[in-house]
Amino acid sequence: MTIYFIGAGPGAPDLMTLRGKSLIEKCPVCVYAGSIVPPDILKWCPEGARLIDSAPMSLDELEAIFVDAHENGQDVARLHSGDLSMWSAVNEQIRRLQRRGLSYQLVPGVPAIAAAAASIGQELTIPAEAQSLILTRVQGRASPMPAGETLENFAKSGATLAIHLAIHALGEVVSRLMPFYGAACPVMIVAHASRPKEKIIVGTLADIEERFAADPVERTAIILVGRSLASEDYRESALYDAQYQRRFRGRDTSDSQ
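Residues numbered from 1 in each chain as written. Predicted model: local features only at pLDDT ≥ 70, side-chain atom pairs only at ≥ 80, totals over all residues. Heavy atoms only, no water.

The protein carries the name Precorrin-4 C(11)-methyltransferase in an unreviewed UniProt entry, which gives Notoacmeibacter ruber as its organism. The annotation that UniProt attaches to the protein under Pathway (unreviewed entry) is "Cofactor biosynthesis; adenosylcobalamin biosynthesis." Recorded in UniProt for the protein, the comment headed Sequence similarities (unreviewed entry) runs: "Belongs to the precorrin methyltransferase family." (UniProt positions renumbered as here; feature names shortened; annotations may be inferred.)

This is the structure we're talking about:
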C-alpha cells in the first residue's frame with residue numbers, strides 16, 4: 001500500500017490536479033484536513049471509502065491510521081490544502097512513515113499564492129521593479145520563526161511580500177513594514193482565493209487596517225505588500241521585444257526593422 005500526500009489546491013475543486021483527483025478516486029481511505037479542504041473534493045472518493053477528518057487529531061492518531069491502512073493493504077489519500085511544499089506539516093508525518101518503512105508519495109497541488117495572484121488579476125513579478133517574491137509568515141503558536149527570518153529583514157530587500165497565516169496580526173505587520181515600504185505602499189488582502197466566498201481588500205499600509213476592519217475575515221488569507229502591486233508605468237520585458245533574438249524564435253531580427 002501507499003500513502004499519497006496530495007495537495008488539494010486552494011479551494012476550487014477544479015483547481016485540483018488530475019493526478020490528485022485520480023488518486024482520490026481509487027483510495028479506500030481518505031484522511032483530509034476538514035478545517036480547510038473543501039467538502040466537494042470528497043465527492044470523488046470511491047463508494048464506501050473511509051473518510052477521516054484530521055482536524056481534531058494528534059500526530060500519534062494519524063500515525064495509527066496509516067499503520068492500520070498498511071496492515072489492511074489499503075492505499076490512503078492524505079489531503080492537505082494548497083501545496084505540500086510550504087507549511088503543510090508533511091515532513092513530521094513522513095518521518096514517522098520512514099521509521100516504519102511505509103511507502104508514501106507526494107503529489108503537488110496549486111498553492112494559495114498562485115490562486116491569490118489569479119484573483120487579483122496580475123503577475124507578481126514586474127520587469128526591473130520586482131523580480132523577487134518572498135513567501136513568509138509571522139510567529140504563531142504552532143511554529144516559532146527562526147531568528148533571522150523577520151519581516152524587517154525581508155523588507156530591507158524591497159521585494160514583494162506574500163505573508164501567510166498572519167491576518168490576525170495585521171496591525172503588527174503594518175507597523176513592522178511601514179518604516180521600510182512607506183505609508184503609500186500598496187497592500188492587497190486576498191481571502192479564500194478561488195472559493196465562492198473569496199474576498200479582496202485593497203489599500204495601502206496607511207489605510208489597510210481601517211479597510212479591513214470595515215470588512216474583516218478571520219482566516220485563510222494572504223497579505224500582499226509591495227510597491228509593484230500598483231505599478232503601471234513599467235518597462236516591458238525583453239522576452240517579446242522584436243529585436244530580442246533567442247534560440248526558440250529562430251528568425252532574423254533585421255526582418256522587423
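Colleague: Just to check I follow, could you spell out the sheet that holds strand β1 (residues 3-7) for this structure?
Modeller: Within a sheet, adjacent strands bond to each other through the backbone by hydrogen bonds, running parallel or antiparallel. With parallel pairing, five strands are arranged side by side in an open sheet as β3-β2-β4-β1-β5. Here the strands that pair on one side only, and so sit at the sheet edges, are β3 (50-53) and β5 (104-107). The mean inter-strand angle of the sheet, taken between neighbouring strand axes irrespective of direction, is 20 degrees. Here four bridges tie strand β2 (residues 29-32) to β3, and the two strands are oriented parallel to one another. When the bridges of β3 are listed, V31 appears paired with I52. Across the sheet, helix α2 (residues 59-71) is in contact with β1, β2, β3 and β4 (76-80); its angle to β4 comes to roughly 155 degrees. (Pairing = 2+ DSSP bridges. Helix = DSSP H or I, 4+ residues; strand = E, 2+ residues; numbered from the N terminus. Axes fitted to C-alpha atoms, helices over the stretch in contact; angles between N-to-C directions. Contact = heavy atoms within 4.5 Å.)

Colleague: Mind showing me how you'd approach the side chain of T2 here?
Modeller: Within the fold, T2 resides in the segment before β1. The contacts of T2, once residues within four sequence positions are left out, are D75, V76, S103, Y104 and Q105.

Colleague: Would you mind showing me how to read helix α6 (residues 170-181) here?
Modeller: Residues three or four positions apart in an α-helix share a direction because the helix packs 3.6 residues into each turn. Between the first and last C-alpha of α6 there are 15 Å, a value that for 12 residues agrees with the 16 Å anticipated at 1.5 Å per step. Listed as buried for α6 are L170, V173, V174, L177 and Y181. Angularly, the buried residues of α6 cover 95 degrees about the axis, an arc narrow enough to put them on a single face. (Expected span 1.5 Å × (residues − 1). Buried < 20%, exposed > 50% of the residue type's maximum accessible area, 1.4 Å probe, protein only. Arc of directions from axis to C-beta.)

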